[in-house]
Amino acid sequence: MELIVYLAGEIHSNWRQEIKEKAQALQLPIKFVGPMENHERSDHIGEEILGTQPNAIFKDEAASKINNLRTTVLMQKADLVIALFGEKYKQWNTAMDASTAVALNKPLILIRPEALHHPLKELSNKANVTVETVNQALKVLSYIFEEENK
């Protein structure tokens, strides 16, 4: 069995690479997908496809439609979603992706530091599992593949 895991969260740090490398080291049969991690490409994809837009609002709208399509397709194919909330960046896209996972009835692992417990309490309550670290999330993933007789 192989799982497809959608990694939702900020694109400014290397947390996705960390989780991929650790999952590979554990030999977990997982394929990871997620949002476009090239911030420049994500912001400009609307104009790359549809041409120059009349202003910044239209440019953002064009890009967000294409990015939302990508997210919808990949998340619908995913077996599970991991959403990471960090303390450094604004987390609007993470909140949207985590909420989408809940709405799609996708199993959701929420990673958030203790400091974000209060602002994320309702979302955490909707997640299947809430952890504080990437390592804890990996232990949850690993447990899915654990054989009963081990």
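Preceding this section is the structure that the text describes.
Source: prediction; values computed, not measured.

Engineer: Can you tell me about the packing of helix H2 (residues 39-50) against helix H3 (residues 56-77), naming the residues and giving the values?
Structural biologist: At a minimum axis distance of 7 Å, the contact between H2 and H3 shows a crossing angle of 95°. By the criterion of interaxial angle, the relationship of H2 to H3 is roughly perpendicular. Taken together, the residues of H3 that come into contact with H2 (itself represented by Ser42, Asp43, His44, Ile45, Gly46, Glu47, Ile49 and Leu50) are Lys59, Ala62, Ala63, Ile66 and Asn67. The residue inventory of the contact of H2 with H3, partitioned by class, reads six nonpolar, four polar and three charged.

Engineer: An account of a negative patch on the surface is needed here, citing residue identities and associated values.
Structural biologist: Taken together, the side chains of Glu40, Asp43, Asp60 and Glu61 make up a negatively charged region of the molecular surface. If you list the elements that add at least two residues to the negative patch, you get H2 and H3. With respect to the element layout, Glu61 can be found in helix H3.

Engineer: Residues and numbers for the environment of Lys126, please.
Structural biologist: Here Lys126 lies in helix H5 (residues 121-126). Looking at Lys126, the relative accessible area reads 57%, which means it is exposed. Distance from Lys126 to Glu147, taken between C-alpha atoms, is 27 Å for residues 21 residues apart in sequence.

Engineer: Explain the sheet that holds strand E3 (residues 80-84) residue by residue, including any values.
Structural biologist: The five strands lie next to each other as E2-E1-E3-E4-E5, forming an open sheet whose pairing is parallel. One side of each edge strand has no neighbouring strand; the edge strands of this open sheet are strand E2 (30-33) and strand E5 (129-131). Here the strands of the sheet are splayed against their neighbours by 20° on average, with no regard to which way each runs. Pairing between strand E1 (residues 3-9) and E3: five bridges, direction parallel. Its bridge partner being in E3, Tyr6 is matched across the sheet by Val81. Here helix H1 (residues 15-25) sits on the sheet and contacts E1, E2 and E3; the angle it forms with E1, its principal contact strand, is near 155°.

Engineer: Can you explain the pattern of salt bridges? Please cite residues and give values.
Structural biologist: Two side chains that carry opposite charge are able to pair once their charged atoms sit near each other. As enumerated under the stated definition, the model contains four salt bridges in all. Lys22 serves as the salt-bridge partner of Glu18, at 2.8 Å between the closest nitrogen and oxygen. Of this pair, Glu18 and Lys22 both sit in helix H1, separated by four residues, roughly a single helical turn. According to the relative accessible area criterion, Glu18 is partly exposed, its value standing at 27%. Linking Lys20 and Glu37 is a salt bridge whose minimum nitrogen-to-oxygen distance equals 3.9 Å. Here the residue Lys20 occupies a position in helix H1, and Glu37 occupies one in the loop between E2 and H2, the gap between them amounting to 17 residues.

Calculation notes
- Residues numbered from 1 in each chain as written.
- Predicted model: local features only at pLDDT ≥ 70, side-chain atom pairs only at ≥ 80, totals over all residues.
- Heavy atoms only, no water.
- Axes fitted to C-alpha atoms, helices over the stretch in contact; angles between N-to-C directions.
- Helix = DSSP H or I, 4+ residues; strand = E, 2+ residues; numbered from the N terminus.
- Parallel < 35°, antiparallel > 145°, perpendicular 65-115°, else oblique.
- Contact = heavy atoms within 4.5 Å.
- Nonpolar A, V, L, I, M, F, W, Y, C, P; charged D, E, K, R; others polar.
- Patch = residues over 30% accessible without salt bridge, like charges linked within 9 Å, V, L, I, M, F, W, Y side chains within 5 Å.
- Areas by Shrake-Rupley, 256 points an atom, 1.4 Å probe, with all protein chains shown as cover.
- Salt bridge = Lys/Arg side-chain N within 4 Å of Asp/Glu carboxyl O.
- Lys, Arg positive; Asp, Glu negative; His and termini not counted.
- Charge placed at Lys NZ, Arg CZ, Asp CG, Glu CD.
- Buried < 20%, exposed > 50% of the residue type's maximum accessible area, 1.4 Å probe, protein only.
- Pairing = 2+ DSSP bridges.

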